[in-house]
Amino acid sequence: MIKLIASDIDGTLVPDGGNELNPELYDVILKLRAKGIQFAAASGRQWLSIESIFEPIREKVFYLSDNGAYVGCHGRSLYVNTIERKTVMDMVQDVRNMSGLDIMICGPDVIYTETDNQEFLDWMINGYKFHVKQVEDLTKVESEFIKVSVYRKTDVEAHTRTLRQKYADRLKMTIAGDMWLDCMRPGINKGQAVKLLQDSLGIKPEETMAFGDQLNDIEMLKQAYYSFAVGNAREEVKAAARFRTDTNVNDGVLKILKLL
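The rules behind each value
Residues numbered from 1 in each chain as written. Predicted model: local features only at pLDDT ≥ 70, side-chain atom pairs only at ≥ 80, totals over all residues. Heavy atoms only, no water. 1 Å grid on protein atoms, 1.4 Å probe; cavity = no way out; pocket = protein on both sides within 12 Å on 5 of 7 lines; lining within 4 Å. Points joined across faces, edges and corners; volume = space filled by probe spheres on them. Helix = DSSP H or I, 4+ residues; strand = E, 2+ residues; numbered from the N terminus. Axes fitted to C-alpha atoms, helices over the stretch in contact; angles between N-to-C directions. Left-handed = near helix turned anticlockwise from the far one by under 90°. Contact = heavy atoms within 4.5 Å. Pairing = 2+ DSSP bridges. Salt bridge = Lys/Arg side-chain N within 4 Å of Asp/Glu carboxyl O. Buried < 20%, exposed > 50% of the residue type's maximum accessible area, 1.4 Å probe, protein only. Right-handed = clockwise from strand over helix to strand, strands pointing away. Nonpolar A, V, L, I, M, F, W, Y, C, P; charged D, E, K, R; others polar. Disulfide = S-S within 2.5 Å.

A.B. asks: Mind showing me how you'd approach the layout of surface pockets here?
C.D. replies: Space left empty within the atom packing is revealed by a probe, the size of a water molecule, rolled over the atoms. Of the pockets and cavities examined, the largest pocket occupies roughly 150 Å³. Taken together, Asp102, Asn117, Glu119, Phe120, Trp123, Tyr151 and Lys153 form the lining of the largest pocket. The dominant element in the lining of the largest pocket, judged by the number of residues it contributes, is helix α4 (residues 118-127), at three residues.

A.B. asks: Would you mind going over the packing of helix α1 (residues 24-34) against helix α10 (residues 252-259) with me for this structure?
C.D. replies: What describes two packed helices is the angle between their axes and the distance between those same axes. Interaxial distance between α1 and α10 falls to 10 Å at its minimum, and their mutual angle equals 30 degrees. Relative to α10, α1 is oriented so that their crossing is left-handed. The segment α1 lies against α10, with Glu24, Leu25, Val28 and Leu32 engaging Leu254, Leu257 and Lys258.

A.B. asks: Looking at this structure, I do not really get the sheet that holds strand β11 (residues 180-184). What am I missing?
C.D. replies: Adjacent strands of a sheet form backbone hydrogen bonds with each other and so pair up, either parallel or antiparallel. Sheet architecture is open: six strands sit in the order β8-β7-β6-β9-β11-β10, paired in mixed fashion. At either end of the open sheet lies a strand with only one pairing partner, and these are β8 (132-134) and β10 (172-176). Adjacent strand axes in the sheet meet at a mean angle of 25 degrees, parallel and antiparallel pairs treated alike. Summarising the sheet, strand β9 (residues 147-151) and β11 pair through four bridges and their orientation is antiparallel. Along β11, the bridge assignment pairs Val148 with Cys183.

A.B. asks: Teacher, can you tell me more about the pattern of salt bridges here?
C.D. replies: Pairing of side chains with opposite charge becomes possible as their charged atoms draw close. Across all of its chains, the model carries 21 salt bridges by this definition. Within this structure, Arg96, Glu114, Asp137 and Lys140 form a network of salt bridges that share partners.

A.B. asks: Can you help me understand the pairing of strand β3 (residues 62-65) in this one?
C.D. replies: On β3, burial covers both faces: Phe62 and Leu64 on one face and Tyr63 and Ser65 on the other are all buried. As defined by bridge partners, strand β2 (residues 38-42) adjoins β3 across three bridges and the pair is classed as parallel. Bridge pairing links Ala42 to Leu64 in β3. As for the winding sense of the linkage, the β-α-β connection from β2 through helix α2 (residues 47-53) to β3 is right-handed. As paired strands, β3 and strand β4 (residues 70-73) are joined by four bridges and run antiparallel to one another. Bridge pairing in β4 places Leu64 opposite Val71. Counting the residues in the hairpin turn of β3 and β4 gives four residues, including Asp66, whose phi is positive at 50 degrees.

A.B. asks: Would you explain empty space enclosed by the protein in this entry?
C.D. replies: Under the criterion given, the structure shown has two cavities of 30 Å³ or more. Put simply, the largest cavity is a space of about 260 Å³. Forming the boundary of the largest cavity are 22 residues, of which Asp10, Gly44, Ala176, Trp180 and Asp182 lie nearest the centre. Contributions of two or more residues to the lining of the largest cavity are made by β6 (102-106), β9 and β11. In the lining of the largest cavity, the residues fall into eight nonpolar, six polar and eight charged. Taken as a whole, the second largest cavity encloses approximately 30 Å³ of empty space. Considering the residues around the second largest cavity, the lining is formed by Asn67, Lys172, Thr174, Met184, Ile188, Asn189, Lys190, Asn216 and Glu219. In terms of residue class, the lining of the second largest cavity is made up of two nonpolar, four polar and three charged.

A.B. asks: Just to check I follow, could you spell out the environment of Ala229 for this structure?
C.D. replies: Mapped onto the elements, Ala229 comes out in strand β13 (residues 226-229). With a relative accessible area of 0%, Ala229 lands in the buried category. As a C-alpha pair, Ala229 and Asn97 span 132 residues in sequence and 37 Å in three-dimensional space. Excluding residues that lie within four positions of it along the chain, Ala229 makes contacts with Gly212, Val237, Lys238, Ala241, Phe243, Arg244 and Thr245.

A.B. asks: It is not clear to me how the sheet that holds strand β12 (residues 208-212) should be interpreted in this structure. Could you clarify?
C.D. replies: Spatially, the eight strands line up as an open sheet ordered β5-β4-β3-β2-β1-β12-β13-β14, and their pairing is mixed. This sheet does not close on itself; its edge strands, each paired only once, are β5 (76-80) and β14 (243-244). Against the sheet, helix α7 (residues 190-201) engages β1 (4-7), β2, β3, β4, β5 and β12, with an angle of about 150 degrees to β3.

A.B. asks: What should I look at first to understand the state of the cysteines in this one?
C.D. replies: Structurally, a disulfide amounts to a covalent bond that connects the sulfur atoms of two cysteines. Within the structure shown, the criterion is met by zero disulfides. Here Cys106 is not disulfide-linked; the sulfur of Cys183 is the nearest cysteine sulfur, at 9.7 Å. The exposure class of Cys183 is buried, given its relative accessible area of 0%.

Here's what the structure looks like:
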């Protein structure tokens, strides 16, 4: 019997940066809960963004935000995994010296950026529904940090290769789509967050179903026997998953959940 479902959002439930789910998904999640099946939204997004997109049922889902750095539910954080401040500030300085990249440093509740790219800011605030604070100097921000995100409009993987090599032993780094490099504390990923939920709720991997499309979903897929890659997933993700479903825009996840 399935007891836990974990799903990525961007590229899996919605197009990247989208903020509207198929409304039918809310009803299906509630029906699954009535059968004793928990639902967790696992995303690189901030928890406030997850809560926004799941607004009608926000009290009924778990949030595995910031690629597992934050685990919580409505109004309550259960686990927060912070990064050493020096590592965050070192990366800020390095990204400042690279062209074409923007950097955001993420506290548990607020995302900080010093970019003056208004189009980018509008997308963060109105697209992803992030709680963003624009500052003059990121090194002056007094907060604990759970994630560092580096953005490039296209081909971020190729343009952050030197960063990933330099910080390989100081951060868990993962490529999320064509635009994002997400960095967390070593050992932190969506799979580790799913395992925390499984251990807390007494749920086994063979009682777990997971859906994803990007490299930052692979650890999560490995933590679930019923692992699904959506039709638009990267080839590495399809190879890591046991099963496949339709694409995100064709409601691939919803089609499988309705079978339950």
